[in-house]
Every structure is written in structure tokens, then in C-alpha cells.
Amino acid sequence: MSVPYETAAYEPPESPESPEEHLMRLLGRTLNSFELPDETIRQLDCALAHDGSLHSAHHSAGLHRETYRHTWLLADGSALTLWELVHNTAPGSDPQHEVYVDEEELRAATARLALPPDAPDFELPVQVQSPPVPAPRHAYVSEASADHARRLLRRAENPDRPGAGLAARLATASGHRISQAFGGPGRAGRARIGFSLYEHAFLLRDGAEVSLWEVEHTATPDGRHMCEVYDSEDAARRAMERRAAQVP
């Protein structure tokens with residue numbers, strides 16, 4: 001006699017999981033996770049999104065079998081699927097979990113289960129939804145962007161300029177753009193004192209956008225040109241106000 005499928009057999013997590021957390025939870029409950037190829041695990045380490053859903057179910061005479069399709073969206077735009085087999089070995093026994101890299105292995109494992117051949121079966125489609133990728137805030141020039149960031153930081157004279165951590169991130173820049181930001185401190189006491197503020201926006205390889213703010217001015221004791229660089233517009237404008245206030 002057939003037993004109706006109970007959706008309670010599969011309980012999704014209460015809060016969203018990251019792709020890595022989803023993988024770790026899957027591997028932690030499967031008996032044969034050690035058989036997965038190392039290359040498969042390395043590919044999944046850089047996954048951007050994931051989806052886990054019921055693929056098919058087979059219930060009869062106190063025995064059950066469900067298969068779940070776990071699909072990850074990888075950084076190169078491709079998808080990788082693992083197949084989870086959940087079954088019990090006797091009516092009322094605890095479920096066992098196994099994982100396979102392709103449907104052929106899954107079918108071979110399923111064929112070994114002691115389930116009547118006339119038990120009901122069904123399959124459901126799966127859809128993987130990747131997170132929306134925001135459009136870049138700027139249009140970028142892709143030529144020598146990392147070198148541009150390095151030169152900008154090298155000529156900055158302020159002691160509170162961005163440190164090595166941000167410099168290391170900017171070493172991966174694949175695009176940059178320079179634009180002037182207007183509005184500055186009130187006119188300094190001497191007419192020859194001037195301030196200019198520029199935004200240097202960088203596009204990194206991981207899609208992140210980072211801006212450095214360059215202050216160029218002549219508010220120095222000898223009137224020479226000076227370059228300062230800050231990691232935010234607010235910090236740059238505060239520095240301009242401080243410099244202007246120091247001008248006699």
C-alpha cells in the first residue's frame with residue numbers, strides 16, 4: 001500500500017544560508033561525502049549562490065526514498081550539481097543520507113534499495129536563482145588601473161593616508177575613473193591658495209567598487225603643491241577645512 005508523501009520530511013533552514021554553509025551542512029550529514037572528488041570541493045569553495053530542492057520521492061510499505069538536487073552557481077557563470085539520496089533501510093528506521101556527483105551514480109545507488117517497483121514516484125524541476133548583480137556605479141577605463149592606484153598612494157603626503165590593506169585590494173583593480181568633485185572650503189586668506197578634490201574610482205576583479213579621494217592644494221608653509229589621499233569623501237573634505245583654517 002502506498003504512503004502519501006509528507007513534505008515535513010524535508011525541512012529547509014530557518015534563515016538563509018551562504019553557499020559554503022549549505023555545502024558544509026550537506027557534507028556533514030552524508031555517509032559517503034569523503035568519496036567526492038577534491039576538484040569538486042575546490043570548485044564549490046568559490047560558489048556565488050545555491051539552491052536545494054526536492055527532485056523525486058518514492059514511498060511504499062513503510063520504506064521511503066527521496067532525492068534532492070543541490071545546485072551551486074560558480075564564479076565563472078557555470079553551475080555544479082550534487083545529488084542527495086535519503087532513504088531508510090527498514091520501516092520506521094532512521095533515514096540515511098548519501099551524496100553523488102552525477103545522476104548515473106545516483107541511479108546505481110537507488111537501484112540497490114529494497115523498494116517495491118510499483119511504488120509511486122514523481123519529479124520536480126529545479127530553478128537556481130542567482131543574487132542580482134548591481135550595475136557598476138561608473139564607466140571605467142581598463143588600462144593600467146592597479147598601477148594608477150599605486151602611483152596615487154605613493155604621492156600622498158598625509159600620514160593618515162590609506163594603509164597596506166586597501167593598497168593590497170587596489171592591486172587587483174581592473175578599471176578606474178577620475179572625476180572632479182566641486183565645493184570646497186571658504187577662500188583662504190591668501191589669493192594664491194587653492195584646493196581641488198578628485199574622486200579616483202576603481203573597479204576590482206570581484207566586482208566591488210572602491211574610491212580614493214585626492215586633495216590637491218597649496219596650503220603649505222612655502223606655498224608648494226601638496227597631494228593628500230583619503231578613503232572617503234567626508235575625510236577628504238574635513239582635511240580641506242583643516243588646511244584652510246591654518247592659512248594666515
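This text follows the structure it describes.
Now for a description of the structure that goes with this document. Numbering of residues starts from 1 in each chain and follows the order in which that chain's sequence is written. A pLDDT threshold of at least 70 governs which residues receive local features in this predicted model, and a stricter bar of 80 or more applies before side-chain atom pairs are shown or counted, although totals over entire chains, interfaces and linings include all residues. Calculation of side-chain values draws on the structure's entire complement of heavy atoms; hydrogens and water are dropped beforehand.

Some words on the environment of Ala47
Here comes step 1: Strands here are runs of E lasting at least two residues and helices are runs of H or I lasting at least four, both read from the DSSP assignment and numbered beginning at the N terminus. Mapped onto the elements of the fold, Ala47 is located in the loop between α2 (38–44) and β1 (49–60).
Here comes step 2: For the pair Ala47 and Trp72, spaced 25 residues apart in the sequence, the C-alpha separation amounts to 6.0 Å.
Here comes step 3: Discounting residues that sit within four places of it in the chain, Ala47 has contacts with Pro19, Trp72, Leu73 and Leu74. Should any heavy atoms of two residues lie within 4.5 Å, those residues are counted as being in contact.

Here's the deal with the nonpolar core
Here comes step 1: Take the buried Ala, Val, Leu, Ile, Met, Phe, Trp, Tyr and Cys residues and link them wherever side-chain atoms come within 4.5 Å; each set so joined is a nonpolar core. Only protein chains enter the accessibility calculation, which uses a 1.4 Å probe; a residue is then buried when its area is under 20% of its type maximum, exposed when over 50%, and partly exposed in between. Formed by 13 residues in total, the largest nonpolar core has its most connected members in Leu170, Phe202, Leu212 and Val229.
Here comes step 2: At the level of secondary structure, the elements contributing two or more residues to this core comprise α4 (145–155), α5 (164–170), β7 (195–204), β8 (209–217) and β9 (226–230).
Here comes step 3: If one sorts the elements of this core by residue count, α4 sits on top with three residues.
Here comes step 4: Dropping the residues within four chain positions of it, Leu170 is found in contact with Ala146, Ala149, Leu153, Phe202, Leu204, Val210 and Leu212.
Here comes step 5: Within the second largest apolar cluster, 11 residues are counted, among which are Leu26, Trp72, Leu74 and Leu80.

A short note on the environment of Cys46
Here comes step 1: Secondary-structure assignment places Cys46 in the loop between α2 and β1.
Here comes step 2: With a relative accessible area of 40%, Cys46 lands in the partly exposed category.
Here comes step 3: Setting aside anything within four residues of it in sequence, one finds Cys46 in contact with Leu74 and Ala75.

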